[in-house]
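Next come the chains, spelled out residue by residue.
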Amino acid sequence: MRDKKEIGRTGEKVSSIGLGTWNIINYDAAMDAFLYAYERGIDNIDTAEMYGDGRAEEFVGEFLRRVGRDNIFVTTKIMPQNLVSRDRAIASAEKSLRRLGIDTVDLILLHWSEPHLSLESQIKNLERLAEKGYTRYIGVSNLGVEELGIAQEATSRHEIVVDQVRYSVYDRRVERRLIPYTIERGITIQAYSPIERGAIIGDPVLRRIGEKYGKTEVEVALNYLITNPNVVAIPKTEKKERIDLFVGAMGWRLAREDIEEIRRRVESRYSIEDLEGES
Ligand SMILES: NC(=O)c1ccc[n+]([C@@H]2O[C@H](COP(=O)([O-])OP(=O)(O)OC[C@H]3O[C@@H](n4cnc5c(N)ncnc54)[C@H](OP(=O)(O)O)[C@@H]3O)[C@@H](O)[C@H]2O)c1
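All values reported here derive from a predicted model rather than from experimental measurement.

Conventions used here
Note on numbering: residues in each chain are counted from 1, in written sequence order. Totals for whole chains, interfaces and linings use all residues, but because this is a predicted model, local features are given only for residues with pLDDT of at least 70 and pairs of side-chain atoms are given and counted only at 80 or more. The side-chain figures draw on all heavy atoms in the structure; neither hydrogens nor water molecules are used. Whether a residue is near a molecule or strand depends on its heavy atoms: it is near if one of them lies within 4 Å of it. Two N or O atoms form a polar contact when they lie within 3.5 Å of each other; inside protein one atom must be a possible hydrogen donor and the other a possible acceptor, and for residues adjacent in sequence the pair counts only when both atoms belong to side chains. For the area figures, the Shrake-Rupley method with a 1.4 Å probe applies, and any residue is considered shielded solely by the protein chains shown. Definitions used throughout: a 1 Å grid over protein atoms alone; a cavity as a set of points that fits a 1.4 Å probe which cannot get out; a pocket as an open set with protein on both sides within 12 Å along at least five of seven lines; a lining residue as one with an atom within 4 Å of a point. The way we define it, a molecule is inside a pocket or cavity when more than half of its atoms are within 2 Å of that pocket's grid points. Just so you know the grouping, Ala, Val, Leu, Ile, Met, Phe, Trp, Tyr, Cys and Pro go in nonpolar, Asp, Glu, Lys and Arg go in charged, and all remaining residues, Gly too, go in polar. The pLDDT score gives, residue by residue, the confidence of the prediction method on a 0 to 100 scale. Any two residues having at least one pair of non-hydrogen atoms within 4.5 Å are treated as being in contact. The term nonpolar core refers to a set of buried residues drawn from Ala, Val, Leu, Ile, Met, Phe, Trp, Tyr and Cys, joined through side-chain atoms within 4.5 Å. Between buried and exposed lies partly exposed: a residue is buried under 20% and exposed over 50% of the maximum accessible area for its type, with that area taken using a 1.4 Å probe on protein chains only. Secondary structure elements follow DSSP: runs of H or I no shorter than four residues count as helices, runs of E no shorter than two count as strands, and numbering proceeds from the N terminus. Only when DSSP finds a minimum of two bridges between them are two strands counted as paired. Call a crossover right-handed when, viewed with both strands pointing away from you, the route from the first strand across the helix to the second goes clockwise.

Trainee: Please clarify how the site of the ligand should be interpreted in this entry.
Mentor: Near the ligand, the surroundings consist of 28 residues, among which Asp 46, Arg 197, Thr 237, Lys 239 and Arg 242 are the closest. One of the side-chain N or O atoms of Asn 142 is found 2.9 Å from an oxygen atom in the ligand. The fraction of the free accessible surface of the ligand (910 Å²) that becomes covered by protein chains is 88%. More than half of the atoms of the ligand fall within 2 Å of the grid points belonging to the largest pocket. Across the shell around the ligand, the residue classes break down as eleven nonpolar, nine polar and eight charged.

Structural data, given as structure tokens:
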């Protein structure tokens, strides 16, 4: 499947659809699903220290041993409270690496920003993890344009390569400012909750558009996101039979008129007021 996107300006290319690991219930079933996804060309996985209290990272570690570390681009995330000091950041990253069973992760993100903690110092501590060789690249999550600008200013040797944010056909707030901003600056958006945790299933507009292409609403919803040049989506499933819908979102693109129709007719769950000042 040749549908790949560069992460930031790193030169690293990953499949336009990756896999998330939040809220896995049956890890054995999930392993079957992830192995199948790998066979079908999905090569990037998102996890976090907080998912399943570390169990998700252990799962990803086992997956890496099965498919070969170098074949997967692994993203993990550190909670803001673990980035308040250099020592805490190092201890946290070491625990993540131990669970993952590797020496270096591909990308570590600040999971979200806490208003009462200094964003600059968290980013500096994140950068120290790259300097120590614990991660190849750094990035952020849940940051809007202003905070992302502050994060970028706080770096000295490592660029912010990713902002991972909520983005779906039902939540298009990031389209207004964040996507244009990140395109201009060579930052990749990793779209989380891209199928709204299953809520897009049965959407009549997506379904009808999909009929033209022989695609389902899941494939249309994911394809809509990756029509943006810098967006990679990271849906989650632990069911092997649902992987085909993620894979089927790649390798083609919705026509301009269908993208416009989604913008016009698929109702956003957020009001226009929410857009102001949002990411
Ligand atoms: N940075 C952040 O703050 C943040 C926040 C949230 C999520 N994330 C990341 O993004 C990933 C994806 O987001 P998400 O898990 O919130 O939401 P999502 O990918 O939009 O939806 C996942 C949910 O949809 C279900 N699903 C998948 N395919 C389906 C299908 N064909 N029909 C019906 N239901 C289906 C899954 O259940 P089954 O597994 O049973 O199929 C799961 O419950 C997460 O796993 C996590 O890695 C990051």
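Trainee: Is there a simple way to explain the confidence of the model for the protein in this structure?
Mentor: It should be kept in mind that the predicted coordinates are not to be read in detail where pLDDT is low. Per-residue confidence for the protein gives a mean pLDDT of 95, with 96% of residues at or over 70. The low-confidence segment residues 275-279 (pLDDT under 50) makes 14 contacts with residues lying over four places distant or belonging to another chain.

Trainee: When you look at the nonpolar core in this model, what are you seeing that I'm missing?
Mentor: Considering soluble globular proteins, one finds that nonpolar side chains tend to be buried as a cluster. In this structure, Ile 17, Ile 123, Leu 129, Val 169, Phe 246 and Ile 262 are the most contacted members of the largest nonpolar core, which totals 83 residues. Among the elements that take part in this core, helix 1 (residues 27-39) stands out by supplying eight residues, more than any other. Contacts of Ile 262, omitting those with residues within four sequence positions, involve Val 169, Arg 172, Leu 206, Ile 209, Val 220, Tyr 224 and Leu 254.

Trainee: Is there a simple way to explain the pairing of strand 5 (residues 105-110) in this structure?
Mentor: Taken residue by residue, a regular strand's side chains alternate between the two faces of the sheet. Across the six residues that make up strand 5, a large majority, six, are buried. Judged from the four bridges that link them, strand 4 (residues 73-78) and strand 5 form a sheet pairing that is parallel. Note on strand 5: the bridge partner recorded for Thr 76 is Ile 108. At this point the chain moves from strand 4, through helix 3 (residues 86-100), to the parallel strand 5, and the crossover so formed is right-handed. Where strand 5 lies against strand 6 (residues 135-141), five bridges are found, and the strand directions are parallel. From the neighbouring strand, Val 105 faces strand 6, where its bridge partner is Thr 135. Following the chain from strand 5 across helix 4 (residues 119-131) to the adjacent parallel strand 6, one finds a crossover that is right-handed.

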